[in-house]
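So the chains spell out like this:
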Amino acid sequence: MNTPNNGSLSGKRIAILMTDGVEQVEYEQPRQFLEEHGAEVTLISPKAKGEQVQGFEHLTASRQFAVERDVKDANAGDYDALVLPGGVANPDALRLSEPSIGFIRDFGATGKPIASICHGPWTLIDADLVDGRKLTSWPSLKGDLRNAGAAWEDAEVVVDGNLITSRKPDDIPAFNKALQQQLLTA
C-alpha cells in the first residue's frame, strides 16, 4: 500500500481540461504519471461525454481521446487539481468556451493546484489568474502573459502559489514532479 511519504496520490481527483488540438504528449504523460501514483483522472472538455478529442503530435493529427465529462457538468470543488495541456489549437478553442473559462476561474478561486504547460497558460489569462503571478509557457506567449500582468520566466517549471507552469514537452518530468509535490502538501 502506498503512503504519502512515497509519493502516493491515492484519493486525489484530477481534472484535465482540453479539446481538439491538444498536444498529445502533454495530456498522455501527465495523466499516466498521475494514475501511476494512484490519482483518479477525468478528461473534461467542452464536448459532450463520449465524444472524441483530437490529439496532435505538433501539427500532425494523432490519437483521439474520449471525453469523460462535459465541462458544463463539472464542478471545480470535486477535484484536487486541474491540468491544462497545450498545443496551439486546444487552448485557443478553450478561450472561446465560456463554460471552460468559468471552470478555470472557479478552480482558481479554490486555491487548489492548477498545472498548465506550453500554450495552456493562454486560458489562465482569460480566467483572470495571471496578474501579479510568476509563470512560464511556450515562448510565443511571453508577450501575452506580460501584457496580462504576469512576470514571465524561461524555466522548465515555475511554481507560484497554486500555479504550476512549464514551457514544452521536454519539461514534462519537472512539471509532473511539481504537481505531485503540490498535491502531497495540499
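How each quantity is defined
- Residues numbered from 1 in each chain as written.
- Predicted model: local features only at pLDDT ≥ 70, side-chain atom pairs only at ≥ 80, totals over all residues.
- Heavy atoms only, no water.
- Helix = DSSP H or I, 4+ residues; strand = E, 2+ residues; numbered from the N terminus.
- Buried < 20%, exposed > 50% of the residue type's maximum accessible area, 1.4 Å probe, protein only.
- Contact = heavy atoms within 4.5 Å.
- Pairing = 2+ DSSP bridges.
- Expected span 1.5 Å × (residues − 1).
- 1 Å grid on protein atoms, 1.4 Å probe; cavity = no way out; pocket = protein on both sides within 12 Å on 5 of 7 lines; lining within 4 Å.
- Points joined across faces, edges and corners; volume = space filled by probe spheres on them.
- Nonpolar A, V, L, I, M, F, W, Y, C, P; charged D, E, K, R; others polar.
- Phe/Tyr/Trp six-rings, centres within 6.5 Å; stacked < 30°, edge-to-face > 60°.
- Lys NZ or Arg CZ within 6 Å of the ring centre and 35° of its normal.

J.: I keep staring at the environment of Phe107 and nothing clicks. Help me out?
T.: When you line up the elements, Phe107 lands in helix H3 (residues 98-110). Given a relative accessible area of 0%, Phe107 falls into the buried group. As a C-alpha pair, Phe107 and Tyr79 span 28 residues in sequence and 8.7 Å in three-dimensional space. Dropping the residues within four chain positions of it, Phe107 is found in contact with Ala76, Tyr79, Asp80, Ala81, Leu82, Lys112, Pro113 and Ile114.

J.: Whenever I open this one, the pairing of strand S4 (residues 52-57) confuses me. Can you help?
T.: The side chains of a regular strand alternate between the sheet's two faces. Looking at chain direction, strand S2 (residues 22-23) and S4 are connected through two bridges and run parallel. Bridge pairing links Glu23 to Phe56 in S4. Relative to strand S5 (residues 60-66), S4 runs antiparallel, the two sharing five bridges. The partner of Gln54 across the bridge, within S5, is Gln64. Joining the antiparallel neighbours S4 and S5 is a turn of two residues, in which His58 adopts a positive phi near 60°.

J.: Explain helix H6 (residues 172-185) here, please?
T.: Because each turn of an α-helix spans 3.6 residues, side chains separated by three or four positions in sequence point in the same direction. Over its 14 residues, H6 runs 20 Å from end to end, which matches the ideal 20 Å to within 8%, given 1.5 Å per residue. Among all positions in H6, only Ile172, Ala174, Phe175, Asn176, Ala178, Leu179, Gln180, Gln182 and Leu183 are buried.

J.: When you look at the layout of surface pockets in this model, what are you seeing that I'm missing?
T.: Any space left empty among the atoms is revealed by the rolling of a water-sized probe across them. As a volume, the largest pocket reaches approximately 240 Å³. When the residues that make up the lining of the largest pocket are grouped by side-chain class, the tally is seven nonpolar, four polar and two charged.

J.: Where do I start with the packing of aromatic side chains in this structure?
T.: Two descriptors summarise a pair of aromatic rings, namely the distance from one centre to the other and the angle between the planes of the rings. Inspection of the entire model under this criterion finds three aromatic pairs. Arranged with centres 6.4 Å apart and planes meeting at 80°, the rings of Tyr79 and Phe103 form a pair that is edge-to-face. Of this pair, Tyr79 sits in the loop between strand S6 (69-70) and strand S7 (81-84) while Phe103 sits in helix H3, and the two are 24 residues apart along the sequence. Residues Tyr79 and Phe103 agree in their burial class; the two are buried. Residue placement shows Arg13 over the ring face of Tyr79; its charged tip is 5.0 Å from the ring centre.

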